[in-house]
Amino acid sequence: MADAVMKMAPAAAGETRLKIEGLNAYYGESHVLHGVDIEVRRGEVVALLGRNGAGKTSTLRSIMGLVGRRTGSIVLGGTETVAMAPHRIARLGIGYVPEERGIFASLNVQENLMLPPVIRPGGMSVADIFALFPNLKERLYSPGTKLSGGEQQMLAIARILRTGADFILLDEPTEGLAPVIVQQIGQAVRRLKEGGLTMILVEQSIHFVSTIADRFYVMEDGHVVDSLTAAELAADRDRLVTYLGV
Amino acid sequence: MFELIGIPPQALFGQLLLGLINGSFYALLSLGLAVIFGMLNVINFAHGALYMLGAFVAWFLLEYAGIGYWGALILAPVVVGLVGIVIEKTMLQRLYKLDHLYGLLFTFGIALILEGAFKHEFGVSGQSYATPALLKGGTNLGFMFLPFYRGWVVVLSILVCLATWYAIEKTRLGSYLRAATENPRLVQAFGINVPVMITLTYGVGVALAGLAGVMAAPIYSVNPLMGSHLIIVVFAVVVIGGMGSIFGAVVSGYMLGLLEGLTKVFLPEASNIVVFVIMVVVLLLRPAGLFGRER
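So, how was this worked out
Residues numbered from 1 in each chain as written. Chains lettered and ligands numbered in written order. Predicted model: local features only at pLDDT ≥ 70, side-chain atom pairs only at ≥ 80, totals over all residues. Heavy atoms only, no water. Helix = DSSP H or I, 4+ residues; strand = E, 2+ residues; numbered from the N terminus. Rg over C-alpha atoms; globule rule 2.2 N^0.38 Å. Buried < 20%, exposed > 50% of the residue type's maximum accessible area, 1.4 Å probe, protein only. Contact = heavy atoms within 4.5 Å. Areas by Shrake-Rupley, 256 points an atom, 1.4 Å probe, with all protein chains shown as cover. Lys, Arg positive; Asp, Glu negative; His and termini not counted. Charge placed at Lys NZ, Arg CZ, Asp CG, Glu CD. Buried area = accessible area lost by both parts, 1.4 Å probe. Salt bridge = Lys/Arg side-chain N within 4 Å of Asp/Glu carboxyl O. Pairing = 2+ DSSP bridges. Axes fitted to C-alpha atoms, helices over the stretch in contact; angles between N-to-C directions. Phe/Tyr/Trp six-rings, centres within 6.5 Å; stacked < 30°, edge-to-face > 60°. Core = buried A, V, L, I, M, F, W, Y, C linked by side-chain atoms within 4.5 Å. Patch = residues over 30% accessible without salt bridge, like charges linked within 9 Å, V, L, I, M, F, W, Y side chains within 5 Å. 1 Å grid on protein atoms, 1.4 Å probe; cavity = no way out; pocket = protein on both sides within 12 Å on 5 of 7 lines; lining within 4 Å. Points joined across faces, edges and corners; volume = space filled by probe spheres on them. Nonpolar A, V, L, I, M, F, W, Y, C, P; charged D, E, K, R; others polar.

**Considerations on the overall build of chain B**
Scanning chain B from terminus to terminus reveals eleven helices and two strands. Along chain B, helices and strands appear, N-terminal first, in the series α-α-α-α-β-β-α-α-α-α-α-α-α. Expected size for 295 residues packed as a compact globule is a radius of gyration near 19 Å; at 19 Å, chain B falls within 12% of this value. Principal-axis analysis of the C-alpha atoms gives chain B an extent of 65 × 50 × 35 Å. Expressed as a percentage of its 295 residues, the buried residues of chain B come to 52%. In chain B, the proportion of contacts linking residues at least 24 apart, taken out of those at least 6 apart, comes to 78%. Total accessible area on chain B stands at roughly 13,400 Å², and carbon and sulfur atoms take up 71% of it. Where the 14 positive side-chain charges of chain B centre and where its 11 negative ones centre are 11 Å apart.

**Structural notes on the overall build of chain A**
The number of helices and strands found in chain A is eleven helices and ten strands. Relative to its full complement of 246 residues, chain A shows a buried share of 55%. Of the contacts made within chain A by residues no fewer than 6 positions apart, 70% connect residues no fewer than 24 positions apart. Per element, the accessible surface of chain A, about 9,800 Å² overall, is 51% carbon and sulfur. Separation of charge centres in chain A, based on 25 positive and 27 negative side chains, amounts to 6 Å.

**Concerning the interface of chain B and chain A**
Chain B puts 18 residues into the contact, and the matching count from chain A is 26 residues. Between chain B and chain A the total buried area reaches about 1,800 Å² when both faces are included, carbon and sulfur atoms providing 59% of it. By the criterion of area lost to chain A, the three top residues of chain B are Glu182, Arg185 and Phe190 of chain B, representing 32% of everything that side buries. At the boundary of chain B with chain A, the tally comes to one salt bridge.

**Thoughts on the sheet that holds strand 6 (residues 94–97) of chain A**
Neighbouring strands of a sheet are bound in pairs by backbone hydrogen bonds; such pairs are parallel or else antiparallel. All names here are of chain A. Judged by pairing direction, the sheet is mixed, and its six strands sit side by side in the order 6-7-8-3-9-10 without closing on themselves. Strands with a single pairing partner mark the edges of an open sheet, and in this sheet they are strand 6 and strand 10 (223–229). When the angles between neighbouring strand axes are averaged without regard to direction, this sheet yields 15°. With six bridges joining them, strand 9 (residues 215–220) and strand 10 adopt antiparallel strand pairing. Bridging from a neighbouring strand, Tyr217 pairs with Ser227 of strand 10. Contacts from helix 2 (residues 56–64) reach strand 3 (45–49), strand 6, strand 7 (167–171), strand 8 (198–202) and strand 9 within the one sheet, and its direction differs from that of strand 7 by about 145°.

**Regarding the packing of aromatic side chains**
All names here are of chain B. Counting across every chain of the model gives 20 aromatic pairs over all chains. On the numbers, 5.3 Å between centres and 65° between planes, the contact of Trp70 with Trp152 is edge-to-face. Residue Trp70 is located in helix 3 (residues 69–90), and its partner Trp152 is located in helix 5 (residues 148–170); the two are separated by 82 residues in the primary sequence. Take Trp70: its relative accessible area is 37%, and that puts it in the partly exposed class.

**Focus on the nonpolar core**
Residues and elements named next belong to chain B. If you look at the biggest cluster of nonpolar residues, it comprises 175 residues, and the most contacted ones within it are Phe25 and Met215. With 14 residues, helix 1 (residues 9–40) is the largest single contributor of residues to this core. Here Phe25 is in contact with Tyr51, Val153, Ala212, Met215, Ala216, Ile219, Tyr220 and Leu230, once residues within four sequence places are set aside.

**Let's talk about a nonpolar patch on the surface**
On the surface, Ile273, Val277, Val280, Val281, Leu284 and Leu285 of chain B cluster together to form a nonpolar patch covering roughly 600 Å² of accessible area. Classification of Leu285 of chain B as exposed rests on a relative accessible area of 70%.

**Quick look at the pairing of strand 2 (residues 30–41) of chain A**
Residue and element names in this part refer to chain A. Where strand 1 (residues 16–27) and strand 2 come together, nine bridges link them in antiparallel fashion. Along strand 2, the bridge assignment pairs Ile20 with Ile38. Connecting the antiparallel pair strand 1 and strand 2 is a turn made up of two residues, with Gly28 showing a positive phi of about 55°.

**Details of empty space enclosed by the protein**
Enumeration over the complete set of coordinates arrives at one cavity of 30 Å³ or more. The space that makes up the largest cavity amounts to roughly 40 Å³. Lining the largest cavity are Ile94, Gly95, Tyr96, Pro116, Ile119, Ile160 and Thr163 of chain A together with Ala189 and Phe190 of chain B. Examining the composition of the lining of the largest cavity, we find that three residues originate from one element, strand 6 of chain A, more than from any other. Residues belonging to the lining of the largest cavity are distributed by class as follows: seven nonpolar, two polar and no charged.

**Here's the deal with the pattern of salt bridges**
A full pass over the atoms with the stated rule returns eleven salt bridges over all chains. A salt bridge links Asp166 of chain A to Arg42 of chain A; the nearest nitrogen and oxygen atoms lie 2.9 Å apart. Of the two residues, Asp166 of chain A sits in the loop between helix 7 (149–161) and strand 7 while Arg42 of chain A sits in the loop between strand 2 and strand 3, which places them 124 residues apart along the sequence. By relative accessible area, Asp166 of chain A is classed as buried at 12%. A salt bridge links Glu111 of chain A to Arg178 of chain B, with the nearest nitrogen and oxygen atoms 2.8 Å apart. In this pair, Glu111 of chain A is assigned in helix 4 (residues 109–114) and Arg178 of chain B in helix 6 (residues 172–182), connecting two distinct chains.

Dropping the structure here:
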């Protein structure tokens, strides 16, 4: 299992994987992101923190090209994507795990797992995925939405791992899940990080991300208002409290 | 010879076969409509006109290129499919952001244009299209006479419906289609070119109508209005089966064809309205249709 994940380790850690500059995003008439700047280096896990409606999910959806309109710059591994169609952006090696999980009701678990096409070599094999998430193997022929919330979240992560994506956007992976499931998801995410995957993690629970992420961006009203490293966070936890009001 | 409740078996089975033939066309057309509705959310009113186009393409091929029935069975659906792709790419695509009603109005316009143009060019009397030599004649089954061509139409339509069902429910491509029907944006975010899939779905959906048109050419005359006569019943079939339900469209196609046939035997006066009476009852009792999911 660990070997399989290690195979995904990127060639050059530390180079820029994603650079967002001056990103504005709109849904119809409503302007949801106001000049967001974010940088993610290869192999890094970056967390986006902030209250509901701060623009975290919109930032992920903007990277995937799923908002109505975007302006500014989103460079992925050297390619400007701000005017690209979503299916072409995905082919640059990104896997997206949406907040609502996006498990398809008319597909069974196996079909859900096999749905995203392989976009790069080096993805996890189905056997490795079952080793990471044994629950899925037992429910292979159930309709996708008959799974529990936790199993649906595992399936949503698992299907991305198959594709060979080396950069994963995880939106609230622990939302609404029981503590024991949160732990299991946390372990899986940590293992993926050790395997060298680059990730952006959107979370409400600082407790969950503080043990995983290398760096944190704090968002408010469609802006990035602060950024700090894991060491800075450990030294000064109160700094976040003012933003998040927890 | 036995008799059933005073009805000669020849008449009963003759009508049942006729019902099954009609049902075969209902099933093929409502199948295409259901596939298109599922993926595009468009009620394709042009379906009947494209069925007519399929029959005319078969007739053109024979008249001007000497290509007979078997060649037309392949070529006419391809031509109709390509026409569909052009319609979707250049026009229909622009309407997805609007309410469903606009797609319906647009395709209704396309249907009127196609039918009007053919009516102007060919009149309404219709062109005859010969039954292919291989399927001329028929056989006496004892209880009824079965023309070979009609038997072939029933068998082919069942095969096409089964193949389409298999492709959608059991193949990888079909799983893309089902997923994109549910959440097209997410499927596209996985790296699948959904806009091209939508275009091809429309092309394949109308190609099925074109195929039905070729199959109909030797039975009914090739006539600019052949589609508009049929499409009204087919819409009732789709409503009864449930919008967007592939299985429902096919099963209700055959069932309603047979039921129409039976009505012709037992209550001939009602045979033209029986499908619509059922549609009204289904809409009142189960608006999502017999096989549809409530949204």
